[in-house]
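Listed below are the residues making up each chain.
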Amino acid sequence: MFMCMKKLFAIVMAVTVTAGLCGCTKQETVVTPEPAVTEEAAAEVTEEVTPEVTEAPEKEESKEDEDPIKVGVNMIVNGDFSNGTENWGTYISHGGQAEFTEKDGQAEVKITKDGSEDYAVQIFYDGFRLDQNGVYEFSFDLDSSIARNMEARLQQNGGSYHAYCGNYFDVEPGMNHYSWEFTMEDETDVAPRLCLNMGKTKGGTTYGEHTIIFDNVSVVLKDDSNIVRTEVEDVSKNVNLNQVGFLPNARKTAVVRSEGIDQTFTLVDASGKEVYNGKLTGPVDAEAADEKVYQADFSDFTTEGVYTMKVSNGDESYPFTIGKDVYDDLLKDTLLMLTRQRCGIEINEELGGAAAHPVCHTGKAKIYGTNEYKDVTGGWHDAGDYGRYVVAGVTAAEDLLLAYRDYPDIWSADDLGIPESGNGVPDILDEAKYELDWLLKMQDEKTGGVYHKVTCLEFPGFVMPQEETDELVLSPISNTATGDFAAIMAQASTVYADIDPAFSKKALEASKKAYAYLEEHKSATSFKNPPEIVTGEYPDGQFTDEMYWAAVELYKITGEEKYRTYIDDILNMYIIHGFGWDKMGSYGNIAYMSLDADKQDPELLKKMTDEINNTAAEYLANCKADGYMVDLGGSYNWGSNLSVCAFARQMLLASKNGNTDAYKQAAFDQVSYILGQNATSYCFVTGYGSAYAKNAHHRPSIATESVIPGMVIGGPNGNLEDPYAKSTMDGVPPAKCYADNSQSYSTNEVTIYWNSPFVYLLSAYLNDNK
């Protein structure tokens, strides 16, 4: 897939320009309200502090400095607004309404409604750092058209949104200077946020329309004599390979970026004994990592055991295992990730570990724009939040159905520990059906259209799912959700025909009804969030791919000519590719290639296979040209690990048409990339390998401070699309733009449809090497 931003937040992201030192005295809270409603909101309320108030001095030019730990330097770039509102952002929520502009060299906030929370109107700045034990001054000039109370804070930008320095203070008409001096007693934070909260006060007072002007915002390090300079853990190795390990007869490779070495490598066992010697090939460009690397191939070594690879200068890899059962737990946990994301049921300790929780989200959801309510319990929580989204859920469920269809021997187990285990049905089908049952509830019984998602109006704080208690809202029907629904329900009617005949019949009827809705609403525009809703949007301006897939699935079952006509019309225009929520064409192509021969058009089938082969050939060329053997072609976007799996699947699809060995080899190299053979040295599956993501942007993980195994995280994103990434990775090569930090939602979040394609890819790998 693409990859594009999964979530659209109701904010304007601040641009990181420089990193600085800032901090404040850790203060006890006297009121504990609900935490932040999104990844960007502030939520902790701190004690009221009377600031030092003086007449505002004459405006001074802001000063920039390249040294982020220099005493006396203002770290707030454009704190004087000489460049308009550049580097500043707004967060408007909970009924707040405001306009943020620059006027006459000052920031002006025209507040129409102050909302129901202090942070309902928030102006923020990202792009500095706070070092432990540093002494700082936080100051600004501010004028309000009315007397009121507000809050200024320097806070953690994620997690609990803990305030390092949080101050409620009274303001009045007239430009005054406000300043606080404080010591940063918390651990160093390299990407905090500065916030001015102008919503309802902590006492509940609302103010109506008024204007606030502020200027000369400054955070200055006054004393660095006791600073504790902590650094982010460096897990990087110069010898990188699949940290989970290899099946005895599978391809085994590594990538070496060491300097000053001869082109040899050795494998040593747990006792330190050399057991294998080999030659490195290269150097090969790894352009996206800004490296030249060597490659090792030790596929002919098949002896089971635990080993480490070493090169001549002493650099070595993380340990890895060669064994027949090396992937057993990984395969299970990547599927159980979806079980652990279930909504509406209890997740017990045996299954959920530290993230176990009672039943959640059992109330009916309000249909947006009406006073009607609908039962939509069940399904999977989508990602790091607790929303349930049709297009994402269909993608994940379809991957499971295809994994079972294509590799039934890999997924015959009925004892993986899900609630339905032991019922005589393969657990992977039970897991998919849990989502399918929820999807049926998302259909509007009257029209056949499918509601796009069910969420609260805003994201919850970093709490457990049962603690998200705001009203659930069904967002409006969308054609993309309806098309996906029609496709997977048609397929499900076949998959479950013998397992659950009643469900099978219901699914087919629902599919036909959804398709009829699409026929009547072809002019519908892309889904957009209603104004009050700021949860994940999943916008997709094109539903042709979803409708094409649905038509193929329904034609396969019914043979009705209207579906054939639509299929032929689409394929005569173009072939659609894609394995992702906004590009579903490859699912339709797979369905078309599985049709009986008398239902296929030979010319269109050839056109399709030629296009599949040509696309796969591009990915294969990328793999051969890249030092890390990855298929991305240098494009590291949000959710790059989905792209890795999607491109691998395209090569697997092409392998059925010829050039089998080359395509499969390149596709299976992507398994090694995900599991550690990459420029970051991380295994991108939580709980596996030696260096894995321990701080995923995932609410149950954050709330319980635990690592839930088996979650595939998003991976490197060279676009730096969150404040933490902007603050810490400016200038870093795209292939290395990854941070194991819960604040970095653009590189370290998880989601069901990043796990599901890896489940499919790993299934193919295991089936081919069994």
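Calculation criteria
- Residues numbered from 1 in each chain as written.
- Predicted model: local features only at pLDDT ≥ 70, side-chain atom pairs only at ≥ 80, totals over all residues.
- Heavy atoms only, no water.
- Helix = DSSP H or I, 4+ residues; strand = E, 2+ residues; numbered from the N terminus.
- Rg over C-alpha atoms; globule rule 2.2 N^0.38 Å.
- Buried < 20%, exposed > 50% of the residue type's maximum accessible area, 1.4 Å probe, protein only.
- Contact = heavy atoms within 4.5 Å.
- Lys, Arg positive; Asp, Glu negative; His and termini not counted.
- Charge placed at Lys NZ, Arg CZ, Asp CG, Glu CD.
- pLDDT = per-residue confidence, 0-100.
- 1 Å grid on protein atoms, 1.4 Å probe; cavity = no way out; pocket = protein on both sides within 12 Å on 5 of 7 lines; lining within 4 Å.
- Points joined across faces, edges and corners; volume = space filled by probe spheres on them.
- Nonpolar A, V, L, I, M, F, W, Y, C, P; charged D, E, K, R; others polar.
- Pairing = 2+ DSSP bridges.
- Axes fitted to C-alpha atoms, helices over the stretch in contact; angles between N-to-C directions.
- Salt bridge = Lys/Arg side-chain N within 4 Å of Asp/Glu carboxyl O.
- Disulfide = S-S within 2.5 Å.
- Core = buried A, V, L, I, M, F, W, Y, C linked by side-chain atoms within 4.5 Å.
- Phe/Tyr/Trp six-rings, centres within 6.5 Å; stacked < 30°, edge-to-face > 60°.
- Lys NZ or Arg CZ within 6 Å of the ring centre and 35° of its normal.
- Parallel < 35°, antiparallel > 145°, perpendicular 65-115°, else oblique.
- Left-handed = near helix turned anticlockwise from the far one by under 90°.

It is worth spelling out the overall build of the chain at this point. When you go through the chain residue by residue, the secondary structure sums to 16 helices and 25 strands. In terms of overall size, the chain behaves like a compact globule, its C-alpha atoms giving a radius of gyration of 27 Å where 770 residues would be expected to give roughly 27 Å. The principal-axis extents of the C-alpha atoms in the chain amount to approximately 85 × 70 × 50 Å. Here the chain holds 770 residues, and the buried ones make up 62% of them. Counting only contacts in the chain whose residues sit at least 6 apart along the sequence, the fraction spanning at least 24 positions is 74%. Separation between the mean location of the 60 positive side-chain charges and that of the 123 negative ones in the chain comes to 6 Å.

Moving on to the confidence of the model for the chain. On average, residues of the chain carry a pLDDT of 90, and 91% of them reach 70 or more. Here residues 1-65 scores under 50 on pLDDT; set against residues more than four positions off or in separate chains, the count is 272 contacts.

For the structure on display, the rule yields 4 cavities of 30 Å³ or more. In terms of lining, the largest cavity is formed by 17 residues, of which the most central are R340, Q341, H698, P700 and I708. The residue inventory of the lining of the largest cavity, partitioned by class, reads 10 nonpolar, 5 polar and 2 charged.

This part takes up the sheet that holds strand β13 (residues 245-246). One open sheet holds the 5 strands; their spatial order is β13-β20-β19-β15-β16, and the pairing between them is mixed. Single-partner strands in this sheet number two, and they are β13 and β16 (274-279). Looking at chain direction, strand β15 (residues 264-269) and strand β19 (residues 305-311) are connected through 5 bridges and run antiparallel. Residue pairing for β19: T266 is matched across the bridge by K310.

Further remarks concern the sheet that holds strand β8 (residues 163-171). Strand order in the open sheet made by the 5 strands is β2-β5-β10-β7-β8, with antiparallel pairing throughout. Looking at strand neighbours, the two that pair on one side only are β2 (88-92) and β8, the edges of this open sheet. On average, adjacent strands in this sheet sit at an angle of 20 degrees to one another, irrespective of strand direction. Relative to strand β10 (residues 193-197), strand β7 (residues 148-155) runs antiparallel, the two sharing 5 bridges. Each residue of the ladder has a partner; that of A152, found in β10, is L196.

On inspection of all chains with the given rule, the structure shows 25 salt bridges. The salt bridge partner of R251 is D669, with a shortest N-O separation of 2.8 Å. With a gap of 418 residues between them, R251 in the loop between β13 and β14 (253-256) and D669 in helix α12 (residues 660-674) connect regions that are remote in the sequence. The partner of R342 in a salt bridge is E420, with the nearest N and O atoms 2.9 Å apart. Taken together, the residues R342 in the loop between α1 (328-340) and α2 (349-352) and E420 in the loop between α3 (390-406) and α4 (427-441) connect sequence positions 78 residues apart. Among the residues examined, R342 registers a relative accessible area of 1% and is labelled buried. Taken together, the salt bridges that share partners define one network made up of R251, D297 and D669.

Across all of its chains, the model carries 0 disulfides by this definition. Its sulfur unpaired, C623 is 12 Å from the next cysteine sulfur, which belongs to C645. In this structure C623 comes out as buried when scored by relative accessible area, which is 6%.

Bringing the nonpolar core into the picture now. Counting 155 residues, the largest nonpolar core has Y327, Y548 and L675 as its most contacted members. Here this core gets 11 residues from one element, more than from any other, and that element is helix α16 (residues 752-768). Not counting residues up to four positions away in its chain, the partners in contact with Y548 are Y566, I567, I570, L571, I576, G585, G588, N589, Y592 and M608. Counting 38 residues, the second largest nonpolar core, distinct from the first, contains F81, V121, A152 and L154.

The peptide bond linking G282 to P283 adopts the cis configuration, its omega dihedral lying at 10 degrees. Counting through the fold element by element, P283 comes out in strand β17 (residues 281-286). Unlike most non-glycine residues, H361 shows phi in positive territory, near 50 degrees. With respect to the element layout, H361 can be found in the loop between α2 and β21 (365-367). The backbone of Y538 shows a phi angle near 50 degrees, a positive value even though the residue is not glycine. Counting through the fold element by element, Y538 comes out in the loop between α6 (501-520) and α7 (544-558). Of the residues examined, Y538 reaches a relative accessible area of 0% and is grouped as buried.

What follows is about the packing of aromatic side chains. Across all of its chains, the model carries 39 aromatic pairs by this definition. Here Y538 and Y753 contribute two aromatic rings whose centre-to-centre distance is 6.0 Å and whose plane-to-plane angle is 70 degrees, an arrangement assigned as edge-to-face. Here Y538 is found in the loop between α6 and α7, whereas its partner Y753 is found in helix α16, with 215 residues between them in sequence. Side by side, Y538 and Y753 carry an identical accessibility label, which is buried. Through successive ring pairs, a cluster of aromatic residues spans F246, F265, Y276, F298, F301, Y307 and F320. Sitting above the plane of the F124 ring, R193 keeps its charged end 3.6 Å from the centroid.

Bringing the packing of α3 against α4 into the picture now. Where α3 meets α4, the closest approach of the two axes is 9 Å, and the angle between their N-to-C directions is 150 degrees. Looking at the two axes, α3 sits roughly antiparallel to α4. The hand of the α3/α4 crossing is left-handed. Each of V390, G393, V394, A397, L400, L401, A403 and Y404 in α3 lies in contact with α4, whose residues at this interface are I428, L429, E431, A432, E435, W438 and L439.

A separate point is helix α9 (residues 585-593). Burial analysis of α9 places 8 of its 9 residues in the buried class, which makes it a mostly covered element. Among the residues making up α9, those that are buried are G585, S586, Y587, G588, N589, I590, A591 and Y592. Check the buried side of α9 and you find it contacts α3, α7, α8 (561-573), α10 (602-625) and α11 (640-655).

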